[in-house]
Each structure stands twice: as C-alpha cells, then as structure tokens.
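Results of the structural survey
Chain by chain, the residues run as shown.
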Amino acid sequence: MVVVVSASATNFSAIPSGRGCKYTGQAVRALPIRIISVGKKRSQGVQLVVDDYIQRLKLYCCVEDVHIKNNPKNASDWRAQVDHEDSAVMDLIRSDDWVVLLDERGKDIGSMQMAELIGDAGNTGASRLSFCVGGPYGHGKQLRERANISIKLSSMVLNHQIAILVLVEQLYRSWTILKGQNYHR
C-alpha cells in the first residue's frame, strides 16, 4: 500500500568536506524532491513537523512525501518482507531519478555536503531527486544497486520517524545554504 502524504549515473563518492558550499549564492537547478519512506504510519506529532518542513521546502522546489507501509504482503520471513518493500519502492523510481539511499552504512556527510549533493544532483540531467528511507530490515538489493549514492544522517541508528524528521530539516537547511540565507547559521 502506497500513501502520498504531501505533494514532486553519476559517481558522487567524493563529496568535498570543506566548510563552505561551492553553490552558495549561485543559481542551482531545483530538482523536484520525492521522499520515499517505508514503515509504520507516522505519529501525528512527527507528521505535523514533517509537513511544516515540506511547506518551507516548497519555497525552493517541489516536494512529494510518499509513505509505503512496511511488509506490504504480510510476509512471515524478513527477507521476503525486504524483497516486497524493495519492489514497492522500485515501482516509484523512474529511470531518470537521481536516487539517494539513506542507510546506516552510507557516507557520513555534513550539512554543507548535503547542500552540495543537492546542487550536484541538479547538474546530472536527472528529472527528480529521490531520497529513500528503508523499512525495519533495511533496503533491498534492487534499490541498493540502483542508488546513485548512499548516505547516513547520523553515526547513531535512528528510528524511522526520527530519520524522516532529520532528513526534511536537513533538506530545508541545505536550501538555505544554497540560497545564502541565515537559517543554517
């Protein structure tokens, strides 16, 4: 089951780690962003904060928040569950999407690097930037192979609801960095 909550291959293994963002104050192609998350229904409080940040983000780009119920086919084996979730996510990704996998084993990046990731993605020829948050057992093989980059939001393992909050806040922070605005300071 897929629920749309709100309404929009390049090698990036070497994201620079400098203090400033190379795109600050420059025109950046604003790719529509799709956030795809697998998991239980979000709590009302989490959803309110997510919706608030999505409204803020819409000042810069189109944003779509898509939630997929974990274990869509009620599989008893966790591997089958991951495969079903993997297929559901892959059905939402187009061939010209630039896919960012959020994973505890991904590349550790800071806010400036996230801003550069968004700026760099706009130069790839992709039509949309898709951020994928996996279910309780992680991402499946198809999505791992399809992803353009894998990043982590924290060195700590995050609950899915917290991960979504951190992601939308960092996306908003990234756009304020790109636009040279004060929020990030």
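Residues numbered from 1 in each chain as written. Predicted model: local features only at pLDDT ≥ 70, side-chain atom pairs only at ≥ 80, totals over all residues. Heavy atoms only, no water.

Describing the pattern of salt bridges
Any two side chains of opposite charge can pair if their charged atoms end up close together. Taken as a whole and assessed by the stated rule, the structure comprises twelve salt bridges. Across the pair R34 and E64 runs a salt bridge, and its minimum N-O distance is 2.9 Å. Placement of R34 in strand β2 (residues 33-39) and of E64 in strand β3 (residues 63-69) is noted, with a sequence separation of 30 residues between them. The exposure class assigned to E64 is buried, which follows from its relative accessible area of 13%. We note a salt bridge from R144 to D103, for which the minimum N-O separation is 2.9 Å. Separated by 41 residues along the polypeptide, R144 in helix α4 (residues 141-146) and D103 in strand β4 (residues 97-108) bring together distant segments of the chain. Given a relative accessible area of 9%, D103 falls into the buried group. Each of R94, D96, D97 and R128 takes part in a single network of salt bridges with overlapping partners. (Salt bridge = Lys/Arg side-chain N within 4 Å of Asp/Glu carboxyl O. Helix = DSSP H or I, 4+ residues; strand = E, 2+ residues; numbered from the N terminus. Buried < 20%, exposed > 50% of the residue type's maximum accessible area, 1.4 Å probe, protein only.)

Side note on the pairing of strand β5 (residues 128-133)
Consecutive side chains of a regular strand alternate in pointing toward one face of the sheet and then the other. In terms of burial, β5 is a largely internal element, six of the six residues being buried. Judged by which residues are buried, β5 turns out to be covered on both faces: R128, S130 and C132 on one side and L129, F131 and V133 on the other are all buried. As paired elements, β2 and β5 share five bridges and run parallel to each other. Residue pairing in the sheet places I36 in a bridge with C132 of β5. Bridging between β4 and β5 involves six bridges; their strand directions are parallel. Following the sheet pairing, L101 is matched in β5 by C132. (Pairing = 2+ DSSP bridges.)

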